[in-house]
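# Residue-level structural notes
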Amino acid sequence: MNKESILKQTEEYVRKKMEDESSGHDWWHVYRVWKTAVHIGEQEKADLFTVQLGALLHDIADHKFHGGDLTVGPRVAREWLEGLKVEEGVIAHVCEIINEVSFKGAGVETRMHSSEGMVVQDADRLDAIGAIGIARAFAYGGYKGLAIYNPDIKPAEHETFEQYKNNKGPSINHFYEKLLLLKDLMNTKTAKKMAEERHRFMEQYLDRFFKEWEGEE
Ligand code: ADP
Ligand code: NI
């Protein structure tokens, strides 16, 4: 099978599998990461076949919906790609990307081991910030029953993935625990540039949020 039909079939498979989720982790998140990854990958001269498979499959089986099991994603992806007779080198690379890509807390190192992985991680992180990132944070908070804000609960720096995962703080804290940190964690030059305006927009948003909270504006 040629690369184009592998990508097309993977797109359809992922879309069908994710279409019903309402946690902000839906098909359209994957769609945006995919498009953004292609854009960054072109600039960074990464292998676009691997980048696209990695982006399309990066959230295929979220540990948050599998009792924290981080091995489900790569396993499901491998099964799918083997079914399409993708060569082993590419499968291994895509599975490595899926395994390494997710944010596990501000104090937990998550370094990618290939430029294709860096591209996918940057695209995933760009979708967590800016106007879309704000919408996703509150969508996630609503899904989890979190408060939008509570001045009595201070943001925390999560030293372990366990702490980050079990966090029940208000959605606004998530900006300080993750979203505002992402700009400086971008791997590629292209994504660093794209992150600037999105970051600025979140800062302006938070500024207004706290003024409105105190009835000042
Ligand atoms: P990603 O696919 O970007 O790795 P995650 O699975 O970590 O995303 O989370 C899905 C979305 O929900 C992201 O936009 C993320 O920022 C947001 N989110 C994750 N944890 C929280 C939280 N504790 N409060 C608010 N938003 C959150
Ligand atoms: Ni994602």
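This is a predicted model, so every value here is computed, not measured.

Below, the discussion takes up helix α1 (residues 3-18). Side chains three or four residues apart in an α-helix point the same way, a direct result of the helix having 3.6 residues per turn. Given a rise of 1.5 Å per residue, 16 residues ought to cover 22 Å, and the 22 Å separating the end C-alpha atoms of α1 matches this to within 8%. Along α1, the positions that sit buried rather than exposed are I6, L7, T10, E11, V14 and M18. For α1, the angular spread of the buried residues around the axis is 135 degrees, confining them to a single face. Opposite its buried face, α1 presents the exposed residues E4 and K16, each directed more than 90 degrees away. In this fold, the buried residues of α1 make contact with α2 (27-44), α3 (48-57) and α4 (72-83).

Turning next to the coordination of the nickel ion (ligand 2). In the first shell of the nickel ion (ligand 2), the protein supplies H29 (NE2), H58 (NE2), D59 (OD) and D124 (OD), at 2.1 to 2.3 Å from the metal. Positions of the donor residues of the nickel ion (ligand 2) along the chain correspond to the pattern H-x28-H-D-x64-D. Side by side, H58 and D59 carry an identical accessibility label, which is buried.

Looking now at α3. Along α3, nine of the ten residues are buried, which leaves the element largely enclosed by surrounding structure. Tucked inside the fold, the buried residues of α3 contact α1, α2, α4, α5 (88-100) and α6 (115-126).

So, on to the pattern of salt bridges. Evaluation of the coordinates by the stated rule reveals 13 salt bridges. The closest approach of N and O atoms between R15 and E19, which form a salt bridge, is 3.1 Å. According to the relative accessible area criterion, E19 is partly exposed, its value standing at 45%. Residue R136 is joined to D127 by a salt bridge in which the shortest nitrogen-to-oxygen separation is 3.4 Å. Accessibility classification places R136 together with D127 in one group, the buried group. Among the ionic contacts, a cluster of salt bridges with common partners joins D207, R208, K211, E212 and E217.

Now for the packing of aromatic side chains. The full count for this structure, using the stated rule, is 15 aromatic pairs. Between Y149 and F209, the ring centres sit 5.8 Å apart and the planes meet at 85 degrees, which makes this aromatic pair edge-to-face. Taken as a pair, Y149 in the loop between α7 (130-144) and α8 (161-166) and F209 in helix α10 (residues 189-213) lie far apart in primary sequence, 60 residues in all. Assessed through its relative accessible area of 18%, Y149 is described here as buried. Between the aromatic rings of Y205 and F209, the centroid separation amounts to 6.2 Å while the plane-to-plane angle is 45 degrees, which identifies the pairing as tilted. Note that Y205 and F209 are positioned in helix α10 at a spacing of four residues, about one turn of the helix. Given a relative accessible area of 12%, F209 falls into the buried group. One aromatic cluster in this structure is built from F138, Y149, F175, Y205, F209, F210 and W213. Here the guanidinium or amino end of K35 rests over the ring plane of W34, the centre of that ring lying 4.2 Å away.

For the rest of this paragraph, the subject is the nonpolar core. Ranked by size, the top nonpolar core spans 54 residues in total, and within it V14, L53, L57, L81, I129, F175 and L179 carry the most contacts. Ignoring sequence-local partners within four residues, the contact set of L53 consists of I6, L7, T10, L81, V90 and V94.

Rules and cut-offs
Residues numbered from 1 in each chain as written. Chains lettered and ligands numbered in written order. Predicted model: local features only at pLDDT ≥ 70, side-chain atom pairs only at ≥ 80, totals over all residues. Heavy atoms only, no water. Helix = DSSP H or I, 4+ residues; strand = E, 2+ residues; numbered from the N terminus. Expected span 1.5 Å × (residues − 1). Buried < 20%, exposed > 50% of the residue type's maximum accessible area, 1.4 Å probe, protein only. Arc of directions from axis to C-beta. Contact = heavy atoms within 4.5 Å. Donors = N, O, S within 2.8 Å, 3.2 Å for Na, K, Ca; no water. Salt bridge = Lys/Arg side-chain N within 4 Å of Asp/Glu carboxyl O. Phe/Tyr/Trp six-rings, centres within 6.5 Å; stacked < 30°, edge-to-face > 60°. Lys NZ or Arg CZ within 6 Å of the ring centre and 35° of its normal. Core = buried A, V, L, I, M, F, W, Y, C linked by side-chain atoms within 4.5 Å.

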